[in-house]
Amino acid sequence: MWSTITDRIANFLRGKRRHRSSPSKQDANSVRTNTDMTSQITADQVYEFLHSHPDYLEHYIMDEVELEQLERWIIRKSQRLKKKHELPVAKNGRKTSLSRWKFCVHADKRQMLQDLTHSLQLRPTKNQVLWELANCICSAVNADGFRLYLPDPVNSGALLQYLGENLIAGRLQEDGPIDVSTYVAKTREAVRVSKGDNDSRFIPDLFYEDDVGHILCQAVTYPDGQLAAVLELWRRESEGPFHEEDEEIACSYLVWGGIALHYAHLYLNMNQQRKLNDFLLTVVKSIFQDMVSMDVLVIKIMNFAQRLVDADRASLFLVDAKNQELYATIFDVGVENTDETTVYEGEEFKKMHTSKEIRFPLGTGIAGEVAMSGEILNITDAYADARFNRTVDQLTGYRTNTILCMPIFIRGAVIGVVQMVNKHSGYFTKEDEEAFEMFAVYCGLALHHAKLYDKIRRSEQKHRVALEVLSYHNTCTEEELATITDELSTINANVDDFYFNPFQWEDYQKAGFVIRMFTDLFGLTRFDEQSLLRFVLTVKKNYRRVPYHNWSHGFSVAHCMYCIIKNSRDTFLPNESLALFIAALCHDLDHRGKNNKFMLDTEAPLAAIYSTSTMEHHHFNQTVTILQQEGHNIFSKLSSAEYKQVLSLIKHCILATDLALFFPNRTKLAKLVHDDAFSWSNHEHRMMVQALSMTASDLCASTKPWDVQLKIVHVIFEEFYDQGDAERAAGRKPIPMMDRFQPDYQPASQVGFLSGICAPCYALLKNLIPDTEPLLAMVHKNLDEWTSIDQEIQQKKKNEA
């Protein structure tokens, strides 16, 4: 009976095939005949036949059914079972609806991806992607378990088994028979093997676990072909072996797994870069915002380095280039606060200080070799490295396992070496090296600036000591104070005269005259007399003993300003008058007998501090320094606003004595006067008059009677000649006015000076303050004298020629 049914079914199927391939009219009778034959077979007979002969059904489906139709049947079957809540479960309890990637319903595939995505969102690491992927593949192929191996980041060719949290030691690739995972890692070929197979490629004890009978091992690679992992799936001996379709299913999963690995790698890189950027920003803030001592900076650098690479200990050695040594005063640092949530600012440090400074030659030990070569050393087993010094471990009881030693550069030279010890998890990686290389740039800058800061701080202390010494020697003594106090009542002269001769009085008497002039102009109601006495005597002491710009000149300028203020009552406001008089008294403090151009040409330190009005800025700063000394602040009783105003005016007036500023100031002021646009109520106009008054007082030597004028010009030229000698010694030719070998040039230079600078200055001042007319009158008289002398010299030269 079964043979008859088989024949009829076969004839039916052949007819169907012919009909499908060639449905022409000529075959119509044949098709009709086959239909008549099969109509005699009942559905139950066909069902019973196929149920008893599954191989026949399989052959029919493989030969006759299109793949698309088969997929539709499987999806329809899966959906029908899903509606009935009858998902088939394998003997090991796994959901087989997820075990056939290619033929499972789309909803199931989508759910699997969602579950994996959610898992990876919680722990988006490369290892976690591989672990979740391995679990899915294990379930998909009905494996009883799996092992996941990752490439050793330190030892090329070695594998480390991953257990979901950490790594354990694996095996190195060797020649000859090896295990399956090592073979797959080396060849990238998938391997299916069962117990009892005699495969010469593998070691004999491949199945070292009794219940493992079958293995499927596949390589997981990145898009560029680099090995990411090796997945080893296994089944018990009682289960069936792995087939080709299991490989295909695993490969289907790995398509998605490769994408997941790629994006996990991108995410981790971005996240790591963000953390590194945040970390470096914190480092920069911590190191650069608060410049601290070198020891504190070293502790900070070591602590940050330790956190950056997750090391247990860190040490920093600095290079002594002069002695070719490495040295450290703090050789080991750890962090007491290990809470990862804490920000890197304000943590408490635990440090170990050496009893004395450690020093050893460059090239000694691991740190010494790194300092010499400038190259990174990443050591996975310290005791296996001959360069490692075990002495410290023996003394402290601490065991060193892994070491990452890196140089710190500045301007291409190694200035230090940081040595990290014992990474908390595994070995120091390439990522640790790359992260620290970026961190090392900031370390170098920080150490370099800390050294500069230490130098500046030491220089500042030296400066303070120097100021203490100078203030002691350049401040009036109690004996001088007592002398001037006793002499004040005996000093008597007509200081109201513009033509007052300063040469007939001693220096201490001139100081007494200054006190008398100050008291006459401003009284002592707003000022402390003892502070005034100390201030004047210290100002006198801070004028250098140069031929012209000395105390006598300072007194003469202050006297001229006194006469201007005295003879033009109510022209200047009280605080303006106060600033003018003090500025005139102090306008050449600590003058060195050289002009601004000389300072710039010789690159004097003062020229480096002040690029314009060099000496004038220095004179003002000296004035402030004296005011700040104890018992010297003559403005102590003024209000804060008045003090600021007076100090600002003093600065303006002292800077105005720079002749380079006189010319533009005179031009502006002369135009205002000529255009009848000058106004005493205009603040800017008043400032210009103050500047003009300072120039007029500074040039007052030209307004003295002829005998005094001649004597002053002699000392002026003596100072000029000293500068000319210095210029000649430096290899430069001095101008004729400063060349002592051209004395005949004196009259001509005075004619030019009086006619080009002094006369215009005093003429403009007379227009603004008429009572200053005696100054202009004496300038014209002296100009006539110098003109006559110059004419005689020129005539004599003409006759000799």
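Residues numbered from 1 in each chain as written. Predicted model: local features only at pLDDT ≥ 70, side-chain atom pairs only at ≥ 80, totals over all residues. Heavy atoms only, no water.

1. A word on the pattern of salt bridges
Any two side chains of opposite charge can pair if their charged atoms end up close together. For the record, the criterion: A carboxyl oxygen of Asp or Glu within 4 Å of a side-chain nitrogen of Lys or Arg is what we treat as a salt bridge. To qualify as a helix, a DSSP run of H or I must reach at least 4 residues; to qualify as a strand, a run of E must reach at least 2; elements of each kind are numbered from the N terminus. Each residue is placed in one exposure class: buried if its accessible area under a 1.4 Å probe, protein chains only, is under 20% of its type's maximum, exposed if it is over 50%, and partly exposed if it falls in between.
With the rule as written, the count across this model stands at 26 salt bridges. Residues lysine 597 and aspartate 601 are paired through a salt bridge, measuring 2.8 Å at the closest nitrogen-oxygen approach. Residue lysine 597 and its partner aspartate 601 are located together in helix H19 (residues 596–601), separated by four residues, close to a single helical turn. The exposure class assigned to aspartate 601 is partly exposed, which follows from its relative accessible area of 35%. One salt-bridge network, held together by shared partners, links Glu718, Asp722, Asp725, Arg728, Asp739 and Arg740.

2. Comments concerning unusual backbone geometry
Within the chain, asparagine 142 stands out as a residue other than glycine whose phi angle is a positive 60°. Although it is not a glycine, glutamate 603 adopts a positive phi angle of roughly 55°. With respect to the element layout, glutamate 603 can be found in the loop between H19 and helix H20 (605–609).

3. Describing the side chain of threonine 402
How we decide: The term polar contact refers here to a pair of N or O atoms within 3.5 Å; inside protein, the definition further demands a hydrogen-donor-capable atom paired with an acceptor-capable atom, and it admits residues adjacent in sequence only when both atoms are side-chain atoms. The contact rule is simple, with two residues in contact once any of their heavy atoms fall within 4.5 Å.
Along the chain, threonine 402 falls in the loop between helix H12 (391–396) and strand S11 (403–410). Engagement of the side chain of threonine 402 in a polar contact is seen with the backbone nitrogen of lysine 423, the distance being 3.2 Å. Setting aside anything within four residues of it in sequence, one finds threonine 402 in contact with Ile379, Thr380, Met420, Val421, Asn422, Lys423, Gly426, Tyr427 and Phe428.

4. Re helix H7 (residues 126–140)
Applied cut-off: Expected span of a helix, by definition, is 1.5 Å for each gap between consecutive residues, and there is one gap fewer than residues.
Between its terminal C-alpha atoms H7 stretches 21 Å, which fits the 21 Å expected from 15 residues at 1.5 Å a residue. Of the positions making up H7, those classed as buried are Gln128, Val129, Leu130, Glu132, Leu133, Ala134, Cys136, Ile137, Cys138 and Ala140.

5. Section: the packing of aromatic side chains
In this description, an aromatic ring pair is defined by two values, namely the gap between the centres and the angle between the planes. This is how it is decided: A pair of Phe, Tyr and Trp rings is counted when the ring centres sit within 6.5 Å of each other, with Trp represented by its six-membered ring. The angle between the planes then sorts it: under 30 degrees is stacked, over 60 is edge-to-face, the rest tilted. Working rule: Lys NZ or Arg CZ, within 6 Å of ring centre, within 35 degrees of ring normal, means a charge sits over the ring.
Going through the model one piece at a time under the given rule, you end up with 23 aromatic pairs. Residues phenylalanine 513 and phenylalanine 555 carry aromatic rings whose centres are separated by 6.3 Å and whose planes lie at 35° to one another, so their mutual orientation is tilted. Within this pair, whereas phenylalanine 513 is found in helix H15 (residues 507–522), its partner phenylalanine 555 is found in helix H17 (residues 551–566), the two being separated by 42 residues in sequence. On the accessibility criterion, phenylalanine 555 (0% relative accessible area) is buried. A cation over a ring is seen here: arginine 399 above tyrosine 383, with NZ or CZ 4.0 Å from the ring centre. Directly above the aromatic system of phenylalanine 598 lies the positively charged group of lysine 594, at a separation of 5.9 Å from the ring centroid.

6. With respect to the UniProt feature "binding site: AMP" (unreviewed entry) in the protein
Here is the rule: UniProt positions are given in the numbering used here, feature names are shortened, and annotations may be inferred rather than shown by experiment. Here the term cavity refers to a set of points on a 1 Å grid, laid over the protein atoms alone, in which a 1.4 Å probe fits but cannot get out; the term pocket refers to an open set having protein on both sides within 12 Å along at least five of seven lines, with lining residues being those that place an atom within 4 Å of a point.
This chain's UniProt record puts "binding site: AMP" (unreviewed entry) on His549, Asn550, Trp551, Ser552, His553, Asp588, Asp698 and Gln750. From this annotated list, the subset lining the second largest pocket comprises His549, His553, Asp588, Asp698 and Gln750. Structurally, serine 552 is set in helix H17. When residues no more than four places from it in sequence are discounted, the contact partners of serine 552 are Pro502 and Lys510. In terms of polar contacts, serine 552 uses its side chain to reach the side chain of lysine 510, at 3.2 Å. Within the element layout of this structure, aspartate 698 appears in helix H24 (residues 683–698). Here aspartate 698 falls in the buried class, since its relative accessible area comes to 14%.

7. Some thoughts on the environment of aspartate 381
Note that aspartate 381 resides in the loop between strand S10 (377–379) and H12. Between the C-alpha atoms of aspartate 381 and isoleucine 403, which are 22 residues apart in sequence, the distance is 7.8 Å.

8. Notes on the packing of H15 against H17
As a reminder of what qualifies: A fitted line through C-alpha atoms serves as each axis, taken over the contacting stretch for helices, and the angle formed by two N-to-C directions is quoted from 0 to 180°. For this classification, under 35 degrees means roughly parallel, over 145 means roughly antiparallel, 65 to 115 means roughly perpendicular, and everything else is oblique. Throughout, a crossing is termed right-handed when the near helix is turned clockwise from the far one, and left-handed when it is turned anticlockwise from it by less than a right angle.
At a minimum axis separation of 10 Å, H15 and H17 run at an interaxial angle of 25°. Considering the angle they form, H15 stands roughly parallel to H17. When you trace H15 past H17, the crossing you get is left-handed. When H15 is examined against H17, the residues Asp507, Lys510, Ala511, Phe513, Val514, Met517, Asp520 and Leu521 are found in contact with a partner set consisting of Trp551, Ser552, Phe555, His559, Tyr562, Ile565 and Lys566.

9. Regarding the nonpolar core
Proteins that are soluble and globular tend to have nonpolar side chains buried together. Defined as follows: Residues belong to one nonpolar core when they are buried, are Ala, Val, Leu, Ile, Met, Phe, Trp, Tyr or Cys, and are joined through side-chain atoms within 4.5 Å.
Counting 93 residues, the largest nonpolar core has Phe535, Phe581, Ile582 and Phe635 as the members making the most contacts within it. Residues within four places of phenylalanine 535 in sequence aside, it is in contact with Ile582, Leu585, Cys586, Ile626, Leu627, His632 and Ile634.

10. What about the side chain of aspartate 320?
As for its placement among the helices and strands, aspartate 320 is situated in strand S7 (residues 311–320). Given the relative accessible area of 13%, aspartate 320 is considered buried. A distance of 2.8 Å separates a polar atom in the side chain of aspartate 320 from a polar atom in the side chain of asparagine 323. Apart from the residues within four sequence positions on either side, aspartate 320 is in contact with Glu325, Tyr327 and Arg359.

11. Observations regarding the pairing of strand S5 (residues 212–221)
This is how it is decided: Whether two strands pair depends on DSSP finding at least two bridges between them.
Here S5 lies mainly inside the structure; nine of its 10 residues are buried. Examined bridge by bridge, strand S4 (residues 191–194) and S5 share four bridges and lie antiparallel to one another. Of the residues in S5, the one forming a bridge with valine 193 is isoleucine 215. Pairing geometry for S5 and strand S6 (residues 227–236), over nine bridges, is antiparallel.

12. Notes on the layout of surface pockets
Threshold: Grid points are joined across faces, edges and corners, and a volume is the space filled by probe spheres set on the points. Residues are grouped as follows: Ala, Val, Leu, Ile, Met, Phe, Trp, Tyr, Cys and Pro are nonpolar; Asp, Glu, Lys and Arg are charged; every other residue, Gly included, is polar.
Taken as a whole, the second largest pocket encloses approximately 1,100 Å³ of empty space. What lines the second largest pocket is a set of 43 residues, among which His549, Asn595, Leu659, Phe720 and Met737 lie closest to the centre. Of all the secondary-structure elements, those providing two or more residues to the lining of the second largest pocket are H19, helix H21 (614–628), helix H23 (659–674), helix H25 (706–729) and helix H26 (745–768). Here the lining of the second largest pocket takes eight residues from H25, the largest share from any one element. Here the residues of the lining of the second largest pocket are counted per class, giving 18 nonpolar, 14 polar and 11 charged.

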